[in-house]
Amino acid sequence: MSLPATASPTYPPGQHPDLPPPPGSAGVVGWLRANLFSSVFNTALTFVSVWLIYEFVTAAIDWFVLEAVWEAGSRVDCRKQGDGACWAVIATRVDQFVYGFYPADQRWRPVLTFVLLFPALAPVLFDRTPYRSQLLWFSLAYPALGAWLIHGGLGLPVVDTDAYGGFLLTMILGVTGIVASLPLGILLALGRQSQLLVVRVLCVTFIEVVRGVPLITLLFIASTMLNYFLPPGTNFDLLIRVLIMVTLFAAAYLAEAVRGGLQAISRGQYEAADSLGLSYWKKTWLITLPQALKIAIPGMVNVFIGLYKDSTLVVIIGLLDPLGVARAVLADAKWNGLSNETYLFIALFFFMSCFAMSRYSLWLEGRLSVGDR
Amino acid sequence: MSYRLPGVVQPTDRPGPPPGPAFSLGSLWYDEAVRGVAIQILVLLGVFATVAWMIANVVANFAILDKTFGFEFLWLPANYDINQTLIEYTNRDTHLRAAAVGLINTGLVAFLGIIVATVLGFLVGIFRLSENWLVSRLAYCYVEFTRNTPVLLLILLWHGIFINTLPHPRQAMTIGGATFLTNRGFYVPKPVFESGFEWVTLALAAAIVGAILVHRHVRRVREATGRQLPGGWISAALIVGLPGLTYAAVGASLSFDVPELQGFNFEGGLYLTPELVALTWALAFYTSGFIAENVRAGILAVDKGQIEASQALGLPRRRVLRLVILPQSLRVIVPPLTSQYLDLTKNSSLAIAIGYVDLVGTLGGITLNQTGREIECMMLVMLVYLAISLGISMFMNWYNRRVRLVER
């Protein structure tokens, strides 16, 4: 397109109407050109990717949906009906995958606890939640309420911890671990920055030792040898022992995330607080900690995601988390060999929850950094 | 308020210090130094009391169970077999040697996993930054899937795929007729070194030393005169040529033992158990997602001005990458990279879930169950892992100091 040289000499300066962009540089075509076909190499990459996606997606749809079997009595039965995934194995055991061996007539309790988790979380996660200050009291009471609902007592029939399993157990481990490790992790981080030599050395030792060993060794300690360190005859619940270990483990990692935040705020903040004559705890609570936590949030969410994922390790010491249920299902002669179906089903659950957490962290990071400017 | 001359001090302005209260124990609480010491002594006492209490409990429990504490069991015969041993081992050997076999197996998985994870991670990280929208989206999906799935689940999933989905040896999948993938494990050609091959190895070592010297010289010349010598080509020629020539001179000293199907299984070649392959691959798959994000962050962290400045100086594209982008992004990439390596090594302890016999499987598993020495075994296992982590973090601190940005 060339400029009509003779038709428009009469526009006053600055009044010329906008010309359309050159063809092929805007809109869908322009986008395609810039992002997929900008050079020969790029075009080749595009074709290779399209081919890969096509192959993968068609195969996946076939296996997951089109040739999948939804109802069958056993693996052999499944294979007679189709070559795809045998979802029947999940369908027949879905209750165990969700609740473990939680008694069927009491399952409203974990369901209610799970539903109540949302109003408890909302005011913590989103600062524009309506009635936030009132709801925060509910959040504070939630751990005790949830523990009562799931475990029972005070009018509700008690359900033993052996019966907890499946995704219910994952949620119990994840939520308890996060709630309990947060204060401990903050204290450890403060201790690591302390002026007092003894406190500092103790905190550093604890953090480095816990971070230096695999979680599985701590879980072994919880399951096999914790009783040696307690007075003879003491014996308490395996789930509680595991929860303690998971909490200590997460707290050490959390402490490092918080320390990053504490080191990132400017020295002037500490000095200003000192010159105002604030005591250590007032300085920490009012000045340094709020700023440090804000900076540390992305790192902390990463620790929480890690804790949540690591909760699967309890299968190795015999708790019945989703992987434990999977192990039991696959050991069943009727269903053995269907590991792909069971593990992919569990992977989907973990992917959804972890992806949600990491998206939340990104969103929050964006919001907080806006506030900084 | 009446006006006063600045600097003129009226006698009434400066009251003397108020008469201090008489010394009392309570006033010590407000003395920061005294309080600090007091808190530390209290904390120390508390820790000592707890530890003493725990030790007393252990002693009491051991007395009840009639157990003793000690490491002499390490020199007793282990009496169990290990299915993958890189050093000589029979079930007559000691528990200590079994633990060493386990540690070497841990090392093997960690080493292989780290190599695969690094290559994959760098590739995906670079794809993630590709100008091509589709490629970067694909890399994004890969990263999100690997990072948001528990590593234990991935290990079990891949192990399941390898033993349930791959064909029997008789219908083995093959790569080039020499490598076979079956549900009993992988069979790959095994290099056989004959006499004379040590010269080739020596030549390779000499070539590497030579390449380092060339690199230093090239750098010295560049820094002194600005001339860029073709150091890369010379090094490449050295590393390929010297061992190649030696190989040709000594005569064929290397051959491959290719696995062959005999009856129901393969004979010859190098046999990799499905556990080793599944564990290595799952750990690498999981870690590569994290490495890709580190690589991406590192490359993005290089200031745009640096790249523009080097282009303005007329540096060619490859040299911009090698001399400007790479050194600066490595400074950002390496610290998290080492901690990923550390995580991979620690995660290799999950081997126990699929029956790969590593340190946790030997010392922390079978030995522990056979001897009943829970405390001793777990202490040793934790000490080994702790030593590895502290070693790696010391290296990381050293590296950080070396590459730290020197600012004026």
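Note that the structure is predicted; figures quoted are calculated from it, not measured. (Residues numbered from 1 in each chain as written. Chains lettered and ligands numbered in written order. Predicted model: local features only at pLDDT ≥ 70, side-chain atom pairs only at ≥ 80, totals over all residues. Heavy atoms only, no water.)

A. Structural detail: the overall build of chain B. On a plain count of helices and strands, chain B comes out with twelve helices and eight strands. Projected onto its principal axes, the C-alpha coordinates of chain B cover approximately 110 × 80 × 45 Å. Once local pairs closer than 6 in sequence are excluded, the contacts in chain B between residues at least 24 apart make up 66%. Within the structure as shown, chain B displays about 23,700 Å² of accessible surface, and the carbon and sulfur contribution to it stands at 66%. (Helix = DSSP H or I, 4+ residues; strand = E, 2+ residues; numbered from the N terminus. Contact = heavy atoms within 4.5 Å. Areas by Shrake-Rupley, 256 points an atom, 1.4 Å probe, with all protein chains shown as cover.)

B. A look at the overall build of chain A. Check the secondary structure of chain A and you find 14 helices and zero strands. Reading the secondary structure of chain A in the N-to-C direction produces α-α-α-α-α-α-α-α-α-α-α-α-α-α. For 373 residues, the compact-globule estimate of 2.2 N^0.38 gives 21 Å, and the C-alpha radius of gyration of chain A, at 28 Å, exceeds that figure by more than 25%. Viewed in the frame of its principal axes, chain A has a C-alpha envelope of about 105 × 80 × 40 Å. Within chain A, residue pairs in contact and separated by at least 24 positions form 63% of the contacts whose partners lie at least 6 positions apart. For chain A, the accessible area works out to roughly 20,000 Å², and carbon and sulfur atoms hold 68% of it. For chain A, the separation between the mean place of its 24 positive charges and that of its 23 negative charges on side chains is 9 Å. (Rg over C-alpha atoms; globule rule 2.2 N^0.38 Å. Lys, Arg positive; Asp, Glu negative; His and termini not counted. Charge placed at Lys NZ, Arg CZ, Asp CG, Glu CD.)

C. Just the interface of chain A and chain B, in detail. At the interface, 56 residues of chain A touch 54 residues of chain B. Together chain A and chain B conceal approximately 4,800 Å² of surface at their shared face, both sides included; 72% is due to carbon and sulfur atoms. When the buried area of chain A at its contact with chain B is split by residue, Tyr228, Phe229 and Lys309 of chain A rank highest and sum to 15% of it. In this structure, the connection of chain A to chain B is made through zero salt bridges. Seen at the junction of chain A and chain B, the total is 20 residue pairs in polar contact (both at pLDDT 80 or more). Listed by contribution, the elements that provide at least two residues to the side of chain A that touches chain B are α1 (27–35), α2 (40–66), α8 (197–212), α9 (215–225), α12 (280–310), α13 (322–331) and α14 (339–372) of chain A. In terms of residue count, α14 of chain A provides more of the side of chain A that touches chain B than any other element does, twelve residues in total. (Buried area = accessible area lost by both parts, 1.4 Å probe. Salt bridge = Lys/Arg side-chain N within 4 Å of Asp/Glu carboxyl O. Polar contact = N/O pair within 3.5 Å; in protein donor to acceptor, adjacent residues only side chain to side chain.)

D. Structural context of a nonpolar patch on the surface. Together, Val28, Val29, Trp31, Leu32, Phe37 and Phe47 of chain A together with Trp133 of chain B line one region of the surface with nonpolar side chains, adding up to about 680 Å² of accessible area. Residue contributions to the nonpolar patch peak at four residues, all from α1 of chain A. Structurally, Phe47 of chain A is set in helix α2. (Patch = residues over 30% accessible without salt bridge, like charges linked within 9 Å, V, L, I, M, F, W, Y side chains within 5 Å.)

E. View of the pattern of salt bridges. The full count for this structure, using the stated rule, is 16 salt bridges over all chains. In this structure, the salt-bridge partner of Arg107 of chain A is Asp95 of chain A, at a minimum N-O distance of 3.3 Å. Of this pair, Arg107 of chain A sits in the loop between α4 (88–99) and α5 (108–125) while Asp95 of chain A sits in helix α4, and the two are twelve residues apart along the sequence. We classify Arg107 of chain A as buried; its relative accessible area is 17%. Put simply, Glu376 of chain B and Arg373 of chain B hold a salt bridge, and the shortest N to O gap is 3.4 Å. Owing to a relative accessible area of 1%, Glu376 of chain B belongs among the buried residues under this scheme. What makes Arg373 of chain B buried here is its relative accessible area of 13%. Sharing partners across several salt bridges, the network here consists of Arg192, Glu208, Glu256 and Arg259 of chain A. (Buried < 20%, exposed > 50% of the residue type's maximum accessible area, 1.4 Å probe, protein only.)

F. Representation of the state of the cysteines. Residue and element names in this part refer to chain A. Applying the stated criterion to the full structure yields one disulfide over all chains. Disulfide pairing is shown between Cys78 and Cys86; the S-S distance is 1.8 Å. Here the S-S torsion is close to 65 degrees, and the disulfide linking Cys78 with Cys86 is therefore right-handed. Look at Cys78 and you get buried, because its relative accessible area is 0%. Note on Cys86: relative accessible area 0%, which makes it buried. (Disulfide = S-S within 2.5 Å.)

G. Fine view of the side chain of Asn132 of chain B. On the secondary structure map, Asn132 of chain B appears in the loop between α3 (95–128) and α4 (133–147). In this structure Asn132 of chain B touches Asn35, Leu36, Asn42, Leu45 and Thr46 of chain A, once residues within four positions along its chain are discounted.

H. Up close: empty space enclosed by the protein. Scanning the model with the defined rule gives one cavity of 30 Å³ or more in all. A volume near 30 Å³ is recorded for the largest cavity. Forming the boundary of the largest cavity are Tyr228 of chain A together with Phe62, Lys67, Thr68, Gly372, Arg373, Glu374, Ile375 and Glu376 of chain B. Here the element with the most residues in the lining of the largest cavity is helix α12 (residues 374–403) of chain B; it accounts for three residues. Residue composition of the lining of the largest cavity, grouped by class: three nonpolar, two polar and four charged. (1 Å grid on protein atoms, 1.4 Å probe; cavity = no way out; pocket = protein on both sides within 12 Å on 5 of 7 lines; lining within 4 Å. Points joined across faces, edges and corners; volume = space filled by probe spheres on them. Nonpolar A, V, L, I, M, F, W, Y, C, P; charged D, E, K, R; others polar.)

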